[in-house]
Amino acid sequence: MSGTGNRESVFHQSVLIDKTPLPSSIPSVPEVGATSAPLMSASFFIGDRCRAYSDDYMLCKHESGGKGEIDCLKEGRRVTRCAVSVLDDINKHCLTEFRAHWSCLDNNNQQMWHCRAHEKPLNDCVFKSLVPSLLPIVPAYTPSTLHTPTITTKTQLTG
């Protein structure tokens, strides 16, 4: 118990299980409950919908100087909650296609190129069923501004 205060810790084989409850200020959130194959299959959609939450979390970690384990739990929980919502939506609207794609990934050592035939029906289903809730709305025409490059030579810098 040295160095842990009044925290009770349990060792189970080589894993440390800390039974200390989280502070009430940190919202509770269920675990994602998915293995690597479904997470990899849905990673594009999770990344797109959860980008703002992920950016907040990474900013918190950066501002904490790498010591933000407790300080950034609230932001981390938001990322987890968002990922769970994406998986729930995909399971609700595209379960057959999603299961075929992640099963292929699971059976092919997570190598995406083996599963392109299953990826297209999943993408088609998600874009047809979930696009308004997953992707940001972009105007039909967004003008771009071209800037002429400024070339600086060595003589311009020194003199």
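Residues numbered from 1 in each chain as written. Predicted model: local features only at pLDDT ≥ 70, side-chain atom pairs only at ≥ 80, totals over all residues. Heavy atoms only, no water.

Structural notes on the packing of helix α4 (residues 73–107) against helix α5 (residues 116–129)
Turning to step 1, where the next piece is worked out: Relative to each other, α4 and α5 sit at 165°, their axes nearing to 8 Å. Of the possible angle classes, the one that applies to α4 and α5 is roughly antiparallel. Crossing of α4 over α5 shows left-handed handedness. Judged by residue contacts, Ile-90, His-93, Cys-94, Glu-97, Phe-98, Ala-100, His-101 and Cys-104 of α4 engage His-118, Glu-119, Pro-121, Leu-122, Cys-125, Val-126 and Ser-129 from α5.
Turning to step 2, where the next piece is worked out: Grouping the amino acids of the contact of α4 with α5 by side-chain chemistry returns 9 nonpolar, 4 polar and 2 charged. (Axes fitted to C-alpha atoms, helices over the stretch in contact; angles between N-to-C directions. Helix = DSSP H or I, 4+ residues; strand = E, 2+ residues; numbered from the N terminus. Parallel < 35°, antiparallel > 145°, perpendicular 65-115°, else oblique. Left-handed = near helix turned anticlockwise from the far one by under 90°. Contact = heavy atoms within 4.5 Å. Nonpolar A, V, L, I, M, F, W, Y, C, P; charged D, E, K, R; others polar.)

Description of the state of the cysteines
Turning to step 1, where the next piece is worked out: Counted by the stated rule, this structure contains 4 disulfides.
Turning to step 2, where the next piece is worked out: Note that Cys-104 is cross-linked by a disulfide to Cys-115, the S-S spacing being 2.2 Å. Handedness here is read from the sign of the S-S torsion; for Cys-104 and Cys-115, about -90°, the answer is left-handed. Of this pair, Cys-104 sits in helix α4 while Cys-115 sits in the loop between α4 and α5, and the two are 11 residues apart along the sequence. Residues Cys-104 and Cys-115 agree in their burial class; the two are buried.
Turning to step 3, where the next piece is worked out: Each bonded cysteine of the protein gets a number by its place in the sequence, and the pairs then read 1-4, 2-3, 5-8, 6-7. (Disulfide = S-S within 2.5 Å. Buried < 20%, exposed > 50% of the residue type's maximum accessible area, 1.4 Å probe, protein only.)

Side note on unusual backbone geometry
Turning to step 1, where the next piece is worked out: A positive phi is found at Asn-109, a non-glycine position, where the angle reads about 55°.
Turning to step 2, where the next piece is worked out: Examined against the element boundaries, Asn-109 turns out to sit in the loop between α4 and α5.
Turning to step 3, where the next piece is worked out: Backbone geometry places Gln-110, a non-glycine residue, at a positive phi of 60°.
Turning to step 4, where the next piece is worked out: Secondary-structure assignment places Gln-110 in the loop between α4 and α5.

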